[in-house]
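# Structural characterization, general
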Amino acid sequence: MREDAATPEEQQMALRLARRLAQLRVQAARSLDELAEQTGLSRATLSRFERGESSPSAAQLSRLAIAYGLTASRVLADVEALPVRHLPLASQPQWRDAPSGFARRMVCPPLAGFATEVIAVELAAGSEVDYPEPVVAGMEHHLCLLQGRLALQVDAQGFDLRAGDSASWQSSGRTRFANPGQEPARYLLAMSTPR
């Protein structure tokens, strides 16, 4: 999504995300050069993210989250909403990465003291999201495909999911989500951090 096409709410979220990324780096006592080396993102790119001049893609946000030992959902939760127990559909924070065809809605945001969060994902036809390494080793995942097809790769295993299928795993290596179909793939993903 082009920045000038963003709604005021999306622009505010982008600014909060920029502030949060800068805060995480300061808390981790890392320079932009150190973070660039760790993530493979350029120093200039990282600086633009922290100044709110551009927003990270899903893959870039994942790399940044991994560098801080967090999930992308956890980073976004810090800027999306206060912890809640009831969240109407209209209030569930959404985030889109138009270039990758990835959209997510935080159905059940992370809450202090809780290990599980639930996101609703839409992956456009022909799109994929690839996580070369686990965001948090041992994180438990439960996926239910609601619509479309999904080619799921967990480590060296591949699965061709159809609507209604589910998959459960603990992260230990690469995880790749790809939509080989002609329509959007929509799925729910519950993730629990290891205790």
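Below is a summary of the structure that appears in this document. (Residues numbered from 1 in each chain as written. Predicted model: local features only at pLDDT ≥ 70, side-chain atom pairs only at ≥ 80, totals over all residues. Heavy atoms only, no water.)

## Looking at the environment of A65
- Turning to its location among the elements, A65 is positioned in helix α4 (residues 58–67).
- In this structure, the C-alpha to C-alpha distance between A65 and G173, residues 108 residues apart in sequence, is 16 Å.
- Aside from chain neighbours lying at most four places away, what touches A65 is L70, T71, A72 and V75. (Helix = DSSP H or I, 4+ residues; strand = E, 2+ residues; numbered from the N terminus. Contact = heavy atoms within 4.5 Å.)

## What about α4?
- The buried fraction of α4 amounts to seven of the ten residues, a majority that puts the element mostly inside the structure.
- Along α4, the residues classified as buried are A58, L61, S62, L64, A65, I66 and A67.
- Taken from the residues just after α4, G69 is the one with a positive phi, measuring 70°. (Buried < 20%, exposed > 50% of the residue type's maximum accessible area, 1.4 Å probe, protein only.)

## Here's the deal with the sheet that holds strand β9 (residues 175–178)
- Read across the open sheet, the four strands follow the order β4-β9-β6-β7; overall the sheet is antiparallel. Edge positions in the sheet fall to β4 (128–131) and β7 (157–162), since each has one partner strand and no second. Between one strand and the next, the sheet's axes are offset by a mean angle of 10°, whatever the strand orientation.
- Pairing geometry for β4 and β9, over four bridges, is antiparallel. Residue pairing in the sheet places D130 in a bridge with R176 of β9. (Pairing = 2+ DSSP bridges. Axes fitted to C-alpha atoms, helices over the stretch in contact; angles between N-to-C directions.)

## Regarding the environment of D130
- Relative to the helices and strands, D130 resides in strand β4.
- On the basis of relative accessibility, which here comes to 26%, the residue D130 falls in the partly exposed class.
- Considered as a pair, D130 and P194 are 64 residues apart in the sequence and their alpha carbons are 22 Å apart.
- Ignoring anything within four residues of it in the chain, the contact list for D130 reads R174, T175 and R176.
- A distance of 2.9 Å separates the side chain of D130 from the side chain of R174, its partner in a polar contact. (Polar contact = N/O pair within 3.5 Å; in protein donor to acceptor, adjacent residues only side chain to side chain.)

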